[in-house]
Structure formats: structure tokens, C-alpha cells
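# Structure at a glance
Each chain, written out:
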Amino acid sequence: LSDDSVTEVLVNGPHHVFVERNGILEETDLRFRDSSEVMRIIDRIVAPLGRRVDESSPLVDARLPDGSRVNIIIPPLSLVGPCISIRKFAKAVFAREDVIRLRTVTPDMADFLHACVRARLNIVVSGGTSTGKTTLLNVLSSFLPDNERIVTIEDAAELQLNQRHVVRLEARPPNVEGRGQITIRQLVINSLRMRPDRNVVGEVRGGEALDMLQAMNTGHDGSLTTAHSNTPRDTLARVETMTLMAGMELPLRAVREQIAAAFDVIVHLDRLVDGGRKVVRISEVQGMEGDVIVMQDIFRYVQTGVQNGKVEGHFTATGIRPKFMEKIDAAGLSLPPSTFAPAQQ
């Protein structure tokens, strides 16, 4: 845990310990004597957090004092012995220059996203597990003005905002008796009564998607959130499904109209085979055409091959100027026409 190059620690029973470095999983030579030793370590982790792990509650999802997220699952649910998954909290906050240096985005793409945030467009960051969604959300959050009231809502507090006026809210799991749970959805509803200029929702994964869409469509522009998905089109389908999970009997067309009106930009991340994270698509949500939500790519990453284990490719603009450029111009921001020229970068 004290090794800064390690981003995740994964214990699969007493005899297999894996770590992630630079996006690549590798097995270590560390071993526990037996399952009882792993259980002692687990007790030492969860006891200070006021949680417990035993056969009656064999699952725990918690946050360590330094902000790292830990998930624990023990027998009888786990057949390989007690398992610990720790996603370490990044000590250094990633900035715009860092994601450009790591070739996650190009300077033109970073300028475009900066303009989108300042112009109060609603942005969804999508991608699979461990693709860097929260890291990019942190970078986008750093573009928010210092004079606005920002409310962040998360399952486990991971965002690190440096603005002066930030209210951080965190969901609460049920206690040992199964009571006292506060969900993301309750926090989203409550946040609208807190006079936010911006809502930043760490991740939507359930019925809170409906309340977030309502917020985006009722004057709370400039909201940021993340969602798990495989492509930008999948993102819309998943949000559609999560909205229906809210339990309202809504017609599908009404849900799609809400989504098309709420979302402006989808930024899709992918983790490539060499462990590198890239923004592979920046797409504009243009509206409805019949029963279909129309989307258009503004930037994309084109992979051309793999050389010596390293992915080769280039970023390119599609040559299409987004419809919401009027909002960016109205906010007093200017992007040169060359930003959207389809040259390989």
C-alpha cells in the first residue's frame, strides 16, 4: 500500500496476491500463511471503520482513512478464501497537463472540454471498469469556476476539488441491523434544495439517473457525471435502463426525450491492451430523430496496430463542428476553427 507505483491491490485467498502497476496486473511473490491470517488483516482493516465481517455479513464495501476504496468478500460467498480488493486513492491530483502528457487527450481536445465545462454543458464521462473515469472527472471538475457553488455526490468520496465553495456528500450503507441507508438518489434529490450552481455526481448506477435528468432539464446546467458502458451509444441505453429502474411507469419515448435534452457531451474512455487510458470518443448528443437519439463524434482515437506490446494510433477530429458552439460563443469562449480540422494528432 505504501508503494506509489501500485494503484490496486487484489488478494484472492491466502496464496495469490496481485497488484496493478501502470494499468497492467501482475502477481506478486507475497503469500499469507492461511485464511485465518487474511481474516485477521480484514478485521484490522474494518474494525476502525465501525464495520464487521462474518458469516452473517460476508460483504463489505468501505473507504479507508486515506480515501482508498476497499471491498471484502469472504466464504461461503467466496470459494477461494477471503478476498480483498483495494483501489488506492491517488495522492497527486491529476491536472490538465498530466492527461495531455499521458496522451489520454490532445491539447485541442483538452481545450474543447475546458470550453464545454465553462459554457455549462452537461457532460457524461463513460467507460469500463478502471478506465480512468473518476480521474478524468477530477480534471473536468478543475475547470469549474471558483465563484460557483459546487455539490458533489459520491458513493465513496474520491473527487478532489480545489475550488473554494464545494459541498461534498457521500452515500451511507445500511448498518448491521440493515437500517440507516442513504442512497445516491436521496442525495441527488436533496442536493437540488441546496442551491447548487453545479452538481457533480460521482457515478450513476440506478434510479438516481431519473432525478439527475430532471435536474439537468430544470435549470441545473453544467452537471458532470460518470457511467459504466462500452460505447457512447451504450451510455444512452444504460441511462435509459437506469431511469426505468426508478420505478416510474414512463413511456420509452419520454425517457429518450429527457436524455436527449439533458446530455450535451459524452466523453468515452478505454483502457488499451498496453494499459494506457485514452479518450477514444468525444460525442455530441444532437437530439431526437423519430424515436432515435442522434449522436455525432467530434473527436476519436484511431488504433492502427500494436508494436512491441505498445498500442499505436492517433487522435483525430471528425471535421464536424458541434451544434452547441453557439453556447460556447455566448459564454465568451472562442475555439479556433483548426480545433475541428480532421488532421491526425
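A brief report on the enclosed structure follows. Everything quoted here is computed from the prediction, not taken from an experiment. (Residues numbered from 1 in each chain as written. Predicted model: local features only at pLDDT ≥ 70, side-chain atom pairs only at ≥ 80, totals over all residues. Heavy atoms only, no water.)

The nonpolar side chains of soluble globular proteins are, as a tendency, buried together. By size, the foremost hydrophobic cluster in this structure holds 43 residues, and its most contacted members are Phe112, Leu140 and Ile282. Per element, the largest residue contribution to this core is seven residues, and it comes from helix α3 (residues 107–118). If sequence neighbours within four positions are ignored, leucine 140 has contacts with Leu113, Val117, Ile123, Val125 and Leu224. One finds Ala209, Leu213, Ala227 and Ile293 within the second-largest nonpolar core, a separate group that totals 29 residues. (Core = buried A, V, L, I, M, F, W, Y, C linked by side-chain atoms within 4.5 Å. Buried < 20%, exposed > 50% of the residue type's maximum accessible area, 1.4 Å probe, protein only. Helix = DSSP H or I, 4+ residues; strand = E, 2+ residues; numbered from the N terminus. Contact = heavy atoms within 4.5 Å.)

Moving on: the sheet that holds strand β6 (residues 83–87). Strand order in this open sheet of six strands is β3-β2-β1-β6-β5-β4, and the pairing throughout is antiparallel. Unpaired on one side and paired on the other, β3 (24–27) and β4 (59–63) mark the two borders of the sheet. In this sheet, neighbouring strand axes are inclined to one another by 15° on average, regardless of whether the strands run parallel or antiparallel. As judged from the four bridges shared by strand β2 (residues 17–21) and β3, these two strands associate in the antiparallel manner. Bridge pairing in β3 links arginine 21 to isoleucine 24. (Pairing = 2+ DSSP bridges. Axes fitted to C-alpha atoms, helices over the stretch in contact; angles between N-to-C directions.)

A contiguous nonpolar patch, built from Leu244, Met248, Leu250 and Leu252 and spanning about 320 Å² of accessible area, is present on the exposed surface. Mapped onto the elements of the fold, leucine 252 is located in helix α8 (residues 252–262). On the basis of relative accessibility, which here comes to 38%, the residue leucine 252 falls in the partly exposed class. (Patch = residues over 30% accessible without salt bridge, like charges linked within 9 Å, V, L, I, M, F, W, Y side chains within 5 Å. Areas by Shrake-Rupley, 256 points an atom, 1.4 Å probe, with all protein chains shown as cover. Salt bridge = Lys/Arg side-chain N within 4 Å of Asp/Glu carboxyl O.)

Turning our eyes to something else, we now look at the pattern of salt bridges. Counting across every chain of the model gives 25 salt bridges. Close ionic contact of arginine 52 with aspartate 54 constitutes a salt bridge, the shortest N to O distance being 3.1 Å. A network of salt bridges, in which partner residues are shared, links Asp3, Arg21 and Glu26.

Right, let's talk about the packing of aromatic side chains for a bit. Considering all chains together, one arrives at five aromatic pairs under this definition. Pairing phenylalanine 112 with phenylalanine 340 gives two aromatic rings, centres 5.8 Å apart and planes at 90°, and the pair type is edge-to-face. Residue phenylalanine 112 is located in helix α3, and its partner phenylalanine 340 is located in the segment after α9 (325–330); the two are separated by 228 residues in the primary sequence. Phenylalanine 340 sits in the buried class, given a relative accessible area of 6%. An aromatic cluster of three or more residues is present, and its members are Phe112, Phe299, Phe324 and Phe340. (Phe/Tyr/Trp six-rings, centres within 6.5 Å; stacked < 30°, edge-to-face > 60°.)

What follows concerns helix α5 (residues 184–191). All of the buried residues along α5 are Ile184, Leu187, Val188 and Ser191. Projected down its long axis, α5 shows its buried positions confined to an angular sector of 100°, all on one face. Where α5 is buried, its residues contact β8 (150–154), β9 (166–170), β10 (198–201) and α6 (208–216). (Arc of directions from axis to C-beta.)

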